[in-house]
Amino acid sequence: MKYNDIDFNNKTILITGAAGFIGSNLAFYFQENFPDANVIALDCFRSGQTFSNGNLKSFGHFKNLIGFKGTVISGDINDTDLLKRLAIQYSFDYIFHQAAISDTTVNEQDLMIKTNVNAYEELLKIAINHNANMVYASSGATYGDASSPQTVGNEAPSNVYGFSKLMMDNISYSYINKNPNISIVGLRYFNVYGPREFYKNKTASTVVQFGHQILKGNAPKLFEGSDKILRDFIYIEDVIQANIKACAPKKSGVYNVGTGKARSFQAIADTLQKELGTNFQTEYIPNPYIGQYQFHTEANMKETKKNLDFEARFELEDGIKAYIPEIKRLFNDEVK
Ligand SMILES: NC(=O)c1ccc[n+]([C@@H]2O[C@H](COP(=O)([O-])OP(=O)(O)OC[C@H]3O[C@@H](n4cnc5c(N)ncnc54)[C@H](O)[C@@H]3O)[C@@H](O)[C@H]2O)c1
């Protein structure tokens, strides 16, 4: 599906974090819609190393790129020599920067800031030198527990991950102010779900996790008070739509990417049960993340609609319905 008139054929496109959830979906979007685009997929890929929270340091997985025909590079965005080599070897037209420590529960502040903030600035310098559009992943986590609807300019990050994304946005503003002719767009994704998130393990959305609990024949396990924990859940296809619309001329800025609607985790479990034809009683477990947890997110979408002409096409129920066949395939191939 094409979202605007931009022709990405014969363009050189760098996707960082391309073996991850959103990056790999972008890679296939270009392959399917612009077969003559030259897509360079950079990711550090998983090694088995873990952070102190026990989760993998990288969720990049080759299986997310099976069928991809472009160039795959395994490398670390913190490696300045690698970035220099890439900047010499290629002339980028677009950079879609998705690589990051995406796990909001990581406590290693040093590596979080280095990877998410400092490496971003190095990539931004390459974009500016190449006169490439930079579209990068910011996050709804910049808002922390700020009141709904969350609006750009009113941030209150409650973990180092959210802080790192806010610092990326601040860097972007300072470059945009110095050079209004360059195109830098930050997209504050809210809670994204959909195909190719499975390899994020415990940090994958509750949609796929509840889906697999139900397919195993178990009741979905929700945090206590889940009817009162509301989030803005956005389907991956809408996130791709936002990335493409961010490439139109003169769009520099930071924008929310959500549906503009707050939905409960209970609604996810109920919709999945409806789609999968089950009727289990929900189980409730204590929430271990209290203090670091967002209880009500709902993106203010006014500016995104006005400036990027973006509106989510998928309501929660539509996204879950579209995702069900892949949830079942994963269950049969990877979980059972
Ligand atoms: N999925 C969401 O709900 C969501 C919400 C808000 C923001 N985001 C942001 O969107 C982007 C993509 O997220 P995702 O859900 O696809 O996560 P993901 O973890 O699946 O993808 C991130 C990728 O970056 C790679 N990476 C990490 N550190 C790297 C490094 N030093 N060098 C090279 N590659 C590295 C990982 O291997 C991984 O494949 C991230 O920046 C994330 O913070 C995601």
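Residues numbered from 1 in each chain as written. Predicted model: local features only at pLDDT ≥ 70, side-chain atom pairs only at ≥ 80, totals over all residues. Heavy atoms only, no water.

Novice: Explanation requested: the packing of helix H1 (residues 21–33) against helix H6 (residues 236–245) in the structure shown.
Specialist: Helix packing for two helices is described by the angle between their axes and how far apart those axes are. Interaxial distance between H1 and H6 falls to 10 Å at its minimum, and their mutual angle equals 65°. Here H6 runs roughly perpendicular to H1, going by the angle between their axes. Of the two elements, H1 crosses H6, and the hand of that crossing is right-handed. Contacts between H1 and H6 involve Phe21, Ile22, Asn25, Leu26, Tyr29 and Phe30 from the first element and Ile236, Val239, Ile240, Asn243 and Ile244 from the second. A breakdown of the residues in the contact of H1 with H6 according to their chemical character gives nine nonpolar, two polar and no charged. (Axes fitted to C-alpha atoms, helices over the stretch in contact; angles between N-to-C directions. Helix = DSSP H or I, 4+ residues; strand = E, 2+ residues; numbered from the N terminus. Parallel < 35°, antiparallel > 145°, perpendicular 65-115°, else oblique. Left-handed = near helix turned anticlockwise from the far one by under 90°. Contact = heavy atoms within 4.5 Å. Nonpolar A, V, L, I, M, F, W, Y, C, P; charged D, E, K, R; others polar.)

Novice: I'm lost on helix H3 (residues 109–130) in this one. Help?
Specialist: The periodicity of an α-helix, 3.6 residues per turn, causes residues three or four places apart in sequence to face the same way. A rise of 1.5 Å per residue sets the reference length of H3, with its 22 residues, at 32 Å; its end C-alpha atoms lie 31 Å apart and thus fit the reference within 8%. Maximal helix bending in H3 amounts to about 25°, located at Thr115. Listed as buried for H3 are Met112, Thr115, Asn116, Val117, Ala119, Tyr120, Leu123, Leu124, Ile126, Ala127 and His130. Contact partners of the buried residues in H3: strand S1 (12–16), helix H2 (80–89), strand S4 (94–97), strand S5 (133–139), helix H4 (160–178) and strand S6 (184–189). Just beyond H3, the residue with positive phi is Asn131, at close to 55°. (Expected span 1.5 Å × (residues − 1). Bend = angle between axes of the 7 residues up to and from the residue. Buried < 20%, exposed > 50% of the residue type's maximum accessible area, 1.4 Å probe, protein only.)

Novice: I would appreciate a short explanation of the nonpolar core in the present structure.
Specialist: Membership of the largest hydrophobic core comes to 73 residues, with the highest contact counts inside it found for Phe8, Phe30, Phe96 and Leu187. Among the elements that make up this core, the one with the highest residue count is H1 (seven residues). Here Phe30 is in contact with Phe8, Ile13, Ile15, Pro35, Val39, Phe96 and Ile244, once residues within four sequence places are set aside. Listed in part, the 29 residues of the second largest apolar core include Ile73, Ala99, Ile126 and Met134. (Core = buried A, V, L, I, M, F, W, Y, C linked by side-chain atoms within 4.5 Å.)

Novice: Please clarify how the sheet that holds S4 should be interpreted in this entry.
Specialist: Think of a sheet as strands paired side by side through backbone hydrogen bonds, with each pair either parallel or antiparallel. If you trace the seven strands from one edge of the open sheet to the other, you get S3-S2-S1-S4-S5-S6-S11, paired in parallel fashion. Each edge of the open sheet carries a strand with a single partner, namely strand S3 (71–74) and strand S11 (253–257). Between one strand and the next, the sheet's axes are offset by a mean angle of 20°, whatever the strand orientation. Pairing of S1 with strand S2 (residues 38–43) involves five bridges; the strand directions are parallel. Pairing of Thr12 across the sheet is with Asn38, part of S2. Set on the sheet, H4 makes contact with S4, S5, S6 and S11; between it and S5 the angle comes to about 150°. (Pairing = 2+ DSSP bridges.)

Novice: Explanation requested: the site of the ligand in the structure shown.
Specialist: The immediate surroundings of the ligand are formed by 29 residues, with Asp43, Ser58, Ser102, Tyr161 and Lys200 found nearest. Here Gly60 contributes a backbone N or O atom positioned 3.1 Å from an oxygen atom of the ligand. In the model, an oxygen atom of the ligand is placed 3.0 Å from a nitrogen or oxygen of the Gln98 main chain. For the ligand, the protein covers 95% of the area, taking 820 Å² as the surface of the free molecule. Those elements that place two or more of their residues in the shell around the ligand are H1, S5, H4 and strand S7 (191–193). A per-element tally of the shell around the ligand places S5 first, with three residues. The residue inventory of the shell around the ligand, partitioned by class, reads 13 nonpolar, twelve polar and four charged. (Near = heavy atom within 4 Å. Polar contact = N/O pair within 3.5 Å; in protein donor to acceptor, adjacent residues only side chain to side chain. Areas by Shrake-Rupley, 256 points an atom, 1.4 Å probe, with all protein chains shown as cover.)

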